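Descriptive structure summary
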Amino acid sequence: MAAGLDPRLHRPKSLYCLCVAAVTERFRFFKPYLVDLPKSVRFDLYYQLYKERRLCILGAELSDLETFSKMLKVTNRRLHLLRIFQAPMDHKIRISAHLVINYNIYCFQERENSLSQEKLINLGLRLGGFLSDAGWYSESEQVLLTCKQLCLAHNENPKDWCRTLDCCHKLLHAQAAYCDFEGAAETHQLALEMIEKLKSMQYNNSNHAALYAEFSVLFYIRSEYDEAYKWSLEALRQLKSSLPAGVIVDVLRQAAKSCVVKREFQKAGLLIKEAVYLAREIFDIDHPKYSDVLIDYGFFLLNYDSISNSVTIYKTALDIRRSIFGRTNLHVALAHEDLAYALYVHEYSSGKFEDASDHAGTAIDIMEKHLPPNHLMLASARRIKALILEEIAIDNASTPLSEQNLLLKSEGLHLSALEMSRSAFGERNVQTAKHYGNLGRLYQSMRKFQEAETMHLKAINIKEELLGPDDYEVGLSIGHLASLYNFHMGRYRDAEKLYHRSIAISLKLFGKGYSGLEYDYRGLLHVYSKLDDYEKIMEYTDILNDWRDLRDRHAQSEEPPIDIQKHPQPIANVMNVFFSM
């Protein structure tokens, strides 16, 4: 060997690797003999096809239900299976659709064979769970609905009820993620019935932490935050160290999100950080579970006013998801959406919205490829894109015509999102209220001031009814209405009252260094200048200067969000601290 060369860089391939490459080179010739190979060896052959980008052959192999069911049993290669599954899907080889059809056919053919039922149910649970993990929620739901019918046809004792609950857990996850709220409500009710049956038999060998967390997810997505919080607490009470790490991580991160929307930030921080440390230690930093928990950690940081750190976390989560799922998966779309909103908030004062706009546009493009027109999952992404277009129109439009065009595009997106929200949730819902508030801000920019006032008042009334008078969302809408009265309608005394109320809410929830206070303080300075109240101008000039000092100190003292040296605590310790708060 030449001097100076690292022998590790020139290590020859193993005989096994050479054999795998040789077989894949003549795959069609050797295909009839593959059935006798161990599952792990067949997996390596498929992974070699993936690395060689021979996706048509790979897609045809994975579309076979018997073959795919064996690959699902190679549990230590789950991450690789997600990759080799997604690659042909990106090339329009609909493996997921073929698997759904084949599973339903298999179930129909074996419907009279009682000996096959347990095998069919177990296959349905594995396949449905995988499809959900892979981001193909509709196909997952179809498989699990068939599986549910099999469970209900053989549902006579506690063991059967537990299996039905397992199906409900996986089905509810897919339905909630896909916003099938009608189906999710039925699954939720069935799960409650199974739990009551187990209780009536005094059966204590089941743990419902994962299921209760899914209940919380469902109510959270429906913006029923009190119910979401209640079920997240029930899930936490069921946590035990003996549960799978993935279950513990999911329960912690969902409970953290529920705490965030209830503005219990100390509790949320405890839970989400433990979820991050546990996911990193158990699954490593290239795993979808780690990206999931980072998304929720970014949500916590964004709401806790650590905006720059939230952007960093969201970028990391997006990179992980793209490395696993490629560039056109729903998981990737949702990560783009979250990052777009964080960038929008982060760059709000600078007006540099190009990156935010690109990520929002990418999220919409991916979703439109995979979802029916006007699917609810599009509402949030369109809302974010509309917010960004509005700011670009105000800050960067070169001509009145281009500004008007951007504002009209923004209006179309907002109205589309509002209609989807009203259709899914009804009028009295936090998401619907948010869309009204966004339209209020837009109409203010379009100089439609009466329409803007109407929209802001609708948003405030709905939020107050659902969340109470001192919630963050209420304060946000009050501040927007104050801005309308202040800068466009000349109602300075009304604006003054609203600013003071908005400030009181922000101080109560976040303290004196909260970033959003700047807009209220500046608004009050404008009010008092119009009212020639020089004493108040001096007072709020000092308050604004003090706020700037606090923000500077906050920026200097803010630590990186993840302590790479930290390890997770025993879950019992975490629960003791949480429930003592």
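Because the structure is a prediction, the values reported are computed rather than measured. (Residues numbered from 1 in each chain as written. Predicted model: local features only at pLDDT ≥ 70, side-chain atom pairs only at ≥ 80, totals over all residues. Heavy atoms only, no water.)

1. So, the overall build of the protein
Within the protein, the secondary structure is distributed over 28 helices and zero strands. By the compact-globule yardstick of 25 Å for 581 residues, the protein fits well, its C-alpha radius of gyration being 27 Å. With the C-alpha coordinates aligned to their principal axes, the bounding extent of the protein is approximately 90 × 75 × 50 Å. Counting all 581 residues of the protein, 54% fall into the buried class. (Helix = DSSP H or I, 4+ residues; strand = E, 2+ residues; numbered from the N terminus. Rg over C-alpha atoms; globule rule 2.2 N^0.38 Å. Buried < 20%, exposed > 50% of the residue type's maximum accessible area, 1.4 Å probe, protein only.)

2. Some remarks on the domain arrangement of the protein
How big an interface is tends to be stated in terms of the accessible area lost upon association of its parts. What the domain assignment lists for the protein is domain 1 (307–417) and domain 2 (426–560). Here domain 1 and domain 2 have C-alpha centroids that lie 24 Å from each other. Of all residues in domain 1, the largest losses of buried area upon contact with domain 2 belong to R383, E411 and H414, amounting jointly to 31% of the total for that side. For the interface between domain 1 and domain 2, the tally reads five residue pairs in polar contact (both at pLDDT 80 or more). Among the elements that make up the side of domain 1 that touches domain 2, the one with the highest residue count is helix α21 (residues 400–425) (seven residues). (Domains from an automatic or database assignment. Buried area = accessible area lost by both parts, 1.4 Å probe. Polar contact = N/O pair within 3.5 Å; in protein donor to acceptor, adjacent residues only side chain to side chain.)

3. A look at the environment of R53
Relative to the assigned elements, R53 resides in the loop between α3 (39–51) and α4 (55–62). Apart from the residues lying within four places of it in its own chain, the contact partners of R53 are A87 and H91. (Contact = heavy atoms within 4.5 Å.)

4. Side note on helix α18 (residues 330–346)
The end-to-end C-alpha separation of α18 is 24 Å, in line with the 24 Å expected for 17 residues at 1.5 Å each. Counting buried positions along α18 gives twelve out of 17 residues, so the element sits mostly inside the fold. The set of residues buried in α18 consists of L330, H331, V332, A333, A335, H336, E337, L339, A340, A342, L343 and Y344. Regarding α18, its N-cap is N329, as a side-chain oxygen of that residue lies 2.7 Å from the backbone nitrogen of H331 further along. (Expected span 1.5 Å × (residues − 1).)

5. Looking at the pattern of salt bridges
Following the criterion strictly, the structure yields 35 salt bridges and no others. Across the pair R422 and E419 runs a salt bridge whose closest N-O atoms are separated by 3.3 Å. Here R422 and its partner E419 are both found in helix α21, three residues apart, which amounts to about one turn of the helix. Residue class for R422 comes out partly exposed when judged on its relative accessible area of 31%. Classification of E419 as partly exposed rests on a relative accessible area of 43%. Taking the shortest distance from any N to any O, the salt bridge between R428 and E465 comes out at 2.3 Å. Of this pair, R428 sits in the loop between α21 and α22 (430–445) while E465 is found in helix α23 (residues 449–467), placing the two residues 37 residues apart along the sequence. Assessed through its relative accessible area of 42%, R428 is described here as partly exposed. Via salt bridges that share partners, D250, R253, K257, K289, D292, D296 and R321 belong to a single interconnected network. (Salt bridge = Lys/Arg side-chain N within 4 Å of Asp/Glu carboxyl O.)

6. Notes on the packing of aromatic side chains
Aromatic ring pairs are defined here through the distance separating the ring centres and the angle between the ring planes. This structure, assessed with the given rule, holds 25 aromatic pairs. Judged by centre distance (4.9 Å) and plane angle (85°), the ring pair of F215 and W231 falls under edge-to-face. Linking F215 in helix α12 (residues 209–221) with W231 in helix α13 (residues 225–237), this pair joins segments that are 16 residues apart in sequence. This pair shows no difference in class: F215 is buried, exactly as W231 is. Residue placement shows K267 over the ring face of F578; its charged tip is 5.2 Å from the ring centre. (Phe/Tyr/Trp six-rings, centres within 6.5 Å; stacked < 30°, edge-to-face > 60°. Lys NZ or Arg CZ within 6 Å of the ring centre and 35° of its normal.)

7. What about helix α6 (residues 78–90)?
Every α-helix winds through 3.6 residues per turn, so residues three or four apart in the chain are directed the same way. Taking 1.5 Å of rise per residue, 13 residues should cover 18 Å, and α6 covers 19 Å from first to last C-alpha, within 8% of that figure. Buried residues dominate α6, accounting for ten of its 13 residues. Those residues of α6 that fall on the buried side of the exposure criterion are L79, L81, L82, R83, I84, F85, Q86, A87, P88 and M89. A positive backbone phi angle near 65° is found at K92, which sits one or two residues after α6.

8. A look at the nonpolar core
Within the largest apolar cluster, 194 residues are counted, with the highest numbers of intra-cluster contacts made by F85, L236, L239 and L271. Per element, the largest residue contribution to this core is eleven residues, and it comes from helix α20 (residues 377–396). For this core, the two domains that each supply at least three residues are domain 1 (307–417) and domain 2 (426–560). Not counting chain neighbours up to four residues away, the residues in contact with L271 comprise L236, L252, A255, A256, C259, V574, M575 and F578. (Core = buried A, V, L, I, M, F, W, Y, C linked by side-chain atoms within 4.5 Å.)

9. Looking at the UniProt feature "repeat: TPR" (unreviewed entry) in the protein
With numbering aligned to this structure, UniProt lists the feature "repeat: TPR" (unreviewed entry) at residues 433–466. The distance separating the terminal C-alpha atoms of residues 433–466 is 10 Å; by composition the span is 91% helix and 0% strand. (UniProt positions renumbered as here; feature names shortened; annotations may be inferred.)

10. Concerning the environment of Q142
For Q142, the position within the fold is in helix α9 (residues 137–153). Looking at Q142, the relative accessible area reads 37%, which means it is partly exposed. Spatially, the C-alpha atom of Q142 lies 30 Å from that of Y203, the residues being 61 residues apart in sequence.

11. Observations regarding the environment of S506
With respect to the element layout, S506 can be found in helix α25 (residues 492–510). The spacing of S506 and L517 is eleven residues in sequence and 7.0 Å in space, taken between C-alpha atoms. When neighbours within four sequence positions are excluded, S506 is seen to be in contact with G511, Y514 and L517.

12. Overview of the packing of α6 against helix α17 (residues 307–325)
Following both chains from N to C, one finds α6 and α17 inclined at 70°, their axes separated by 7 Å at the closest point. If you check the angle between α6 and α17, you find them roughly perpendicular. In contact with L79, L82, R83, Q86 and D90 of α6, α17 contributes S323, I324 and F325. For the contact of α6 with α17, a count of residues per class yields four nonpolar, two polar and two charged. (Axes fitted to C-alpha atoms, helices over the stretch in contact; angles between N-to-C directions. Parallel < 35°, antiparallel > 145°, perpendicular 65-115°, else oblique. Nonpolar A, V, L, I, M, F, W, Y, C, P; charged D, E, K, R; others polar.)

13. Details of the packing of helix α16 (residues 288–303) against α17
In contact at an axis separation of 8 Å, α16 and α17 are set at 160° when each is read in the N-to-C sense. Here α16 is positioned roughly antiparallel relative to α17, judged by the angle of their axes. The handedness of the crossing between α16 and α17 comes out as left-handed. Judged by residue contacts, P288, Y290, S291, D292, L294, I295, Y297, G298, F299, L301 and L302 of α16 engage I307, N309, S310, I313, Y314, T316, A317, I320, R321, I324 and F325 from α17. Within the contact of α16 with α17, the residues separate by chemical class into 15 nonpolar, five polar and two charged. (Left-handed = near helix turned anticlockwise from the far one by under 90°.)

14. Some words on the side chain of H208
Along the chain, H208 falls in the loop between α11 (181–200) and α12. Not counting residues within four places of it along the chain, the set of residues in contact with H208 comprises L165, I195, L198 and Q238.

15. Remarks on the state of the cysteines
Going through the model one piece at a time under the given rule, you end up with zero disulfides. C168 supplies the cysteine sulfur nearest to C179, a cysteine that is in no disulfide, at a spacing of 19 Å. (Disulfide = S-S within 2.5 Å.)

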